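If you want the building blocks of each chain, they are given just below.
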Amino acid sequence: MKKVALISDQLTFLGGIRTSILSLCHVLQKAGYAIELGQTLSDVHEPDIIWTHSPSKLSLISELKEWLKRHPGQPFIYQVHDYREICLTGRKSCSKDFAPCWREMGLECFAIHYSQGCGPALNPVRLVDRNKMMKEQLSLLKMATRVVVFSDYLRDQLGVNGVALEKIYKTLPYFTPPEVNELENKKVSMSNSILWYGRFAQEKGPFHFINLLHQLKESKVPLGKSLMIGEGPLEKALHQLAHECELDDVLTFINWAQPQHLWNYIREATFVHFSSLWPEPFGLLGIETMALGIPVIGRPVGGCHEWLRNEFGHIAVNSDDVGHILDAAATLLSERSSYKIRSNKLKSSFQENFSVSKQIESINRVLQGF
């Protein structure tokens, strides 16, 4: 049995990064590989394959580059989680609308396009540090034997920034479906509820969810409880806005560190609102909800085009018009007769396109020949 050393310095993070790393361990084991998980190379012993997940510390990047120089020809896989390797701000975004960006990123690009609002403001010290980090990440990325991404969109972005397309492999996002006991064998709730979960940050568009709830309430659409699960810099502002919109009776906030029953929260929702403004590298929540037969309403951005499709059972709104989202939400909340048909369609689409067996197939394609 070949041993894969999964090296990441981001295991302490909550949310998509941690979920992706831990699910990768699950899928690799299902594919027949032994796993050693570590935050540095000193945590593992004589692996056959090194697999790193977007290293974010200069010390680890330097350590991995030295290892590659000492072990020429040994398999080294670099998994890219988002845009930090190729975008100085850490987000492939531009202007306050977070429009997709197809530029080669770097310090010069940042200087030229800063006035357009690219990413967050960086003080001079942080700007220099980020520039150095990005150059080192991209250098390691180009040294890797193979590069793993989750979407064609992210693959193309790497290509624009100088990574050889022939060594970029697209896999399905690593996802571990819930166990039966995690769902507590409860009946699915038929209450009209809406769920939003993710990081409380501008690029995720959480204010759009507050706006949607406010409009639904004003329109007298049947609306039960609604949940926002997450954490981030906008948390206080979101609480304040929800209160000002008189949503205290319908909206509950849950900290991202607390939802031990996330699967139940998803399964009990009528739909999940996907409000991202930036071009998501993939958007894991789309298949998390699909596995439980819960639809997503949202606008396909970035890699989300690969799952946010009407033919899968989700509702893709290809417009920035908030009214279109409102119409779709009101229809789902008011007309429950076709709910079971849509739910079965979503579950079937998950099995056909994103199940663990499909993930294993994509993992084997990446590791073929090693």
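The rules behind each value
- Residues numbered from 1 in each chain as written.
- Predicted model: local features only at pLDDT ≥ 70, side-chain atom pairs only at ≥ 80, totals over all residues.
- Heavy atoms only, no water.
- Salt bridge = Lys/Arg side-chain N within 4 Å of Asp/Glu carboxyl O.
- Helix = DSSP H or I, 4+ residues; strand = E, 2+ residues; numbered from the N terminus.
- Buried < 20%, exposed > 50% of the residue type's maximum accessible area, 1.4 Å probe, protein only.
- Axes fitted to C-alpha atoms, helices over the stretch in contact; angles between N-to-C directions.
- Parallel < 35°, antiparallel > 145°, perpendicular 65-115°, else oblique.
- Contact = heavy atoms within 4.5 Å.
- Nonpolar A, V, L, I, M, F, W, Y, C, P; charged D, E, K, R; others polar.
- pLDDT = per-residue confidence, 0-100.

Engineer: Can you walk me through the pattern of salt bridges in this structure?
Structural biologist: Any two side chains of opposite charge can pair, so long as their charged atoms come close to each other. Summed over all chains, the structure comprises eleven salt bridges. For Lys65, the salt bridge identified is with Glu136, shortest N-O distance 3.0 Å. Of this pair, Lys65 sits in helix 2 (residues 58-70) while Glu136 sits in helix 4 (residues 124-143), placing them 71 residues apart in sequence. Glu136 gets classed as partly exposed once you look at its relative accessible area, which sits at 24%. The shortest N-O distance in the salt bridge between Lys170 and Asp152 comes to 3.4 Å. A residue pair is termed long-range when its members are at least 10 positions apart, and Lys170 in strand 6 (residues 168-170) and Asp152 in helix 5 (residues 152-160) qualify at 18 residues. Counted as one network, the salt bridges with shared partners bring together Asp152, Arg155, Asp156, Lys170 and Glu306.

Engineer: Where do I start with the packing of helix 1 (residues 16-30) against helix 12 (residues 356-367) in this structure?
Structural biologist: To characterise two packed helices, one gives the angle between the axes of the helices and the distance between these axes. Two numbers describe how helix 1 lies on helix 12: the axes approach to 9 Å, and their chain directions differ by 80°. As judged from the angle between their axes, helix 1 and helix 12 are roughly perpendicular. Here Leu24, Val27, Leu28 and Lys30 of helix 1 lie close against helix 12, whose contacting residues are Val356, Gln359, Ile360, Ile363 and Leu367. Along the lines of polarity and charge, the residues of the contact of helix 1 with helix 12 split into seven nonpolar, one polar and one charged.

Engineer: I'm lost on the confidence of the model for the protein in this one. Help?
Structural biologist: Low pLDDT means the predicted coordinates in that region are not meant to be read closely. Looking at the protein, pLDDT values average 86 and 86% of them are 70 or higher. The spread of mean pLDDT over the elements of the protein runs between helix 3 (residues 107-113), the lowest at 68, and helix 7 (residues 235-244), the highest at 97. Every residue in residues 94-100 scores below 50 in pLDDT, and together they form 21 contacts with partners more than four places removed in sequence or on other chains.

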